[in-house]
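Per-entry structural report
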Amino acid sequence: MIPWIIDSHIHMNDQEYDLIIEYISNFMSQNHMKACCVSTDYSSSIKTMSLSKKSRLFLPFVGIHPNQIEDNIELFMEFAEHNIDQIEGIGEIGLDKTYNPSNSEFKKQIAYFMIQLELAEKFKKPVSIHSRNAINIICSIIPSYSISNVSLHWFDGSQKQLKLAMDLGFFVSYGPLLVYAKDKQSLLLHTDINKILLETDGPVRFSRCFKHRPTQISFMPSILFAASKLLNVSYPDLTAILEKNSNNFLCI
Ligand SMILES: [Zn+2]
């Protein structure tokens, strides 16, 4: 059995992909790839759900991102509960003070985050979390919910915070930076191999060898190759390990 390559976090609903979505879905099918397609607000959640009807390789995640706290959470929750059987996970949700530095706005972010954690808990869904400069507070909030599958996407914490995430049983996800950023490479080496996920976070643009082009799911093999070299695990073996990790994350 050829293992699946699974992108644990990509914004497939971004308009960057609109004109090439058929091509992407064919590419994924030919290359045995699946993607956790995250959303950032109510309307992108609707778009993600409609994408998932076009291809079973698009695994739909719905959610309100911390920079979208003007979005209508009631409307979103109604939509999510109505479609819950087709929803694979909740995300991208989380906290990030850089978007809302004032205390009152940050409190609203926390409120949105907690409402969506309740949703994940109620329907036993995995969550894909944005945790920039907020890992400690996120790690203090989540244990009050009975949520077994958490992924800290684009993990950018310290070694100490990585240990905290591992102690809580979280998955951590690394992206294209793994190819050239020494700090991410060092974090990878300290991560429990059974808790590693990989992602593109497309269409976010990356520098160096990626030349600021919109990131595509076709970058996944490069990220996987970089990880296999760093971990000294063969590409096929690591692909199989990561498939197992992704299935554990997705409760498959
Ligand atoms: Zn993202």
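Here, every reference points to the structure presented above.
Residues numbered from 1 in each chain as written. Predicted model: local features only at pLDDT ≥ 70, side-chain atom pairs only at ≥ 80, totals over all residues.

Some points on the packing of helix 3 (residues 73–82) against helix 4 (residues 103–123)
Our working rule: Orientation is described by lines fitted to C-alpha atoms, with helices fitted over the stretch in contact, and by angles between N-to-C directions that extend from 0 to 180 degrees. Only runs of H or I of at least four residues qualify as helices and only runs of E of at least two qualify as strands under DSSP, and these elements are numbered from the N terminus. Geometric relationships in this document are graded by angle, where less than 35 degrees denotes roughly parallel, more than 145 denotes roughly antiparallel, 65 to 115 denotes roughly perpendicular, and other angles denote oblique. Crossing handedness: left-handed means the near helix sits turned counterclockwise from the far one by under a right angle, and right-handed means the same turn made clockwise. C-beta atoms are first placed from the backbone for all residues, and any pair lying within 7 Å is then listed as a contact.
The geometry of helix 3 relative to helix 4 is characterised by a closest axis approach of 12 Å and an angle of 10° between their N-to-C directions. The orientation of helix 3 with respect to helix 4, classified from their angle, is roughly parallel. With respect to the hand of their crossing, helix 3 and helix 4 are arranged in right-handed fashion. Each of Ile73, Met77 and Ala80 in helix 3 lies in contact with helix 4, whose residues at this interface are Tyr112, Ile115 and Leu119.

Here we look at the environment of glutamate 16
Note the cut-off: For the exposure call, what matters is how many other C-beta atoms sit within 10 Å of a residue's own: 20 or more marks it buried, 12 or fewer exposed, and in between partly exposed, using C-beta atoms placed from the backbone.
Looking at the secondary structure, you find glutamate 16 in the loop between strand 1 (5–10) and helix 1 (21–30). Look at glutamate 16 and you get partly exposed, because 16 C-beta atoms sit within 10 Å. For the pair glutamate 16 and serine 102, spaced 86 residues apart in the sequence, the C-alpha separation amounts to 32 Å. Residues in contact with glutamate 16, not counting those within four places in the same chain, are Pro203 and Pro214.

Points about the sheet that holds strand 3 (residues 58–62)
Put simply, the test is: Strands qualify as paired when DSSP identifies two bridges or more between them.
Read across the open sheet, the eight strands follow the order 1-2-3-4-5-6-7-8; overall the sheet is parallel. Edge strands, defined here as strands with exactly one partner in the open sheet, are strand 1 and strand 8 (196–198). Strand-to-strand twist of the sheet, defined as the mean angle between neighbouring strand axes without regard to direction, takes the value 25°. Bridge count for strand 7 (residues 171–174) against strand 8 is three bridges, and the pairing is parallel. In the sheet register, serine 173 faces strand 8, and the bridge partner there is leucine 197. The strands that helix 4 touches are strand 4 (89–94) and strand 5 (127–130); relative to strand 4, the one it contacts most, it runs at about 160°.

Notes on the environment of methionine 166
Within the fold, methionine 166 resides in helix 6 (residues 159–167). C-beta crowding within 10 Å serves as the criterion here: with 16 such atoms nearby, methionine 166 is assigned to the partly exposed category. Look past the residues within four positions of methionine 166 in its chain and what remains in contact with it is Asp192 and Lys195.

Concerning unusual backbone geometry
For the bond from glycine 91 to glutamate 92, the omega torsion is 10°, close enough to zero to count as cis. Locating glutamate 92 in the fold gives a position in strand 4. The omega torsion of the bond from glycine 202 to proline 203 falls at 5°, within 30 degrees of zero and hence cis. Position of proline 203 among the secondary structure elements: in the loop between strand 8 and helix 8 (220–231).

Looking at helix 2 (residues 42–54)
Which entries qualify depends on this criterion: Multiplying 1.5 Å by the residue count of a helix minus one yields the expected span of that helix.
Here helix 2 contains 13 residues, and its C-alpha end-to-end distance of 19 Å stays within 8% of the 18 Å for a straight helix at 1.5 Å per residue. Considered for burial, the residues of helix 2 that qualify are Tyr42, Ser44, Ser45, Thr48, Met49, Leu51 and Ser52. Buried positions along helix 2 lie against strand 2 (33–37), strand 3 and helix 3.

A word on the packing of helix 2 against helix 3
Short version of the rule: Classification convention: Asp, Glu, Lys, Arg as charged; Ala, Val, Leu, Ile, Met, Phe, Trp, Tyr, Cys, Pro as nonpolar; all other residues, Gly among them, as polar.
Here helix 2 crosses helix 3 at 20°, and the two axes come no closer than 9 Å. Considering the angle they form, helix 2 stands roughly parallel to helix 3. The handedness of the crossing between helix 2 and helix 3 is left-handed. Only Leu75, Phe76 and Phe79 of helix 3 make contact with helix 2, whose side of the interface consists of Tyr42, Ser45 and Ile46. Residues belonging to the contact of helix 2 with helix 3 are distributed by class as follows: five nonpolar, one polar and no charged.

Describing helix 4
Here is the rule we go by: By arc we mean the arc of the directions from the helix axis to the C-beta atoms, nothing more.
Here helix 4 contains 21 residues, and its C-alpha end-to-end distance of 30 Å stays within 8% of the 30 Å for a straight helix at 1.5 Å per residue. Buried within helix 4 are the following residues: Gln109, Tyr112, Phe113, Gln116, Leu117, Leu119 and Ala120. Summarising the axial view, the buried residues of helix 4 lie within an arc of 155°, below the 170-degree limit, and thus occupy one face. The outward face of helix 4, more than 90 degrees from its buried face, is lined by the exposed residues Asn103, Ser104, Lys107 and Ala111. Buried residues belonging to helix 4 abut helix 3, strand 4 and strand 5. Positive phi shows up at lysine 124, right after helix 4, with a value of about 55°.

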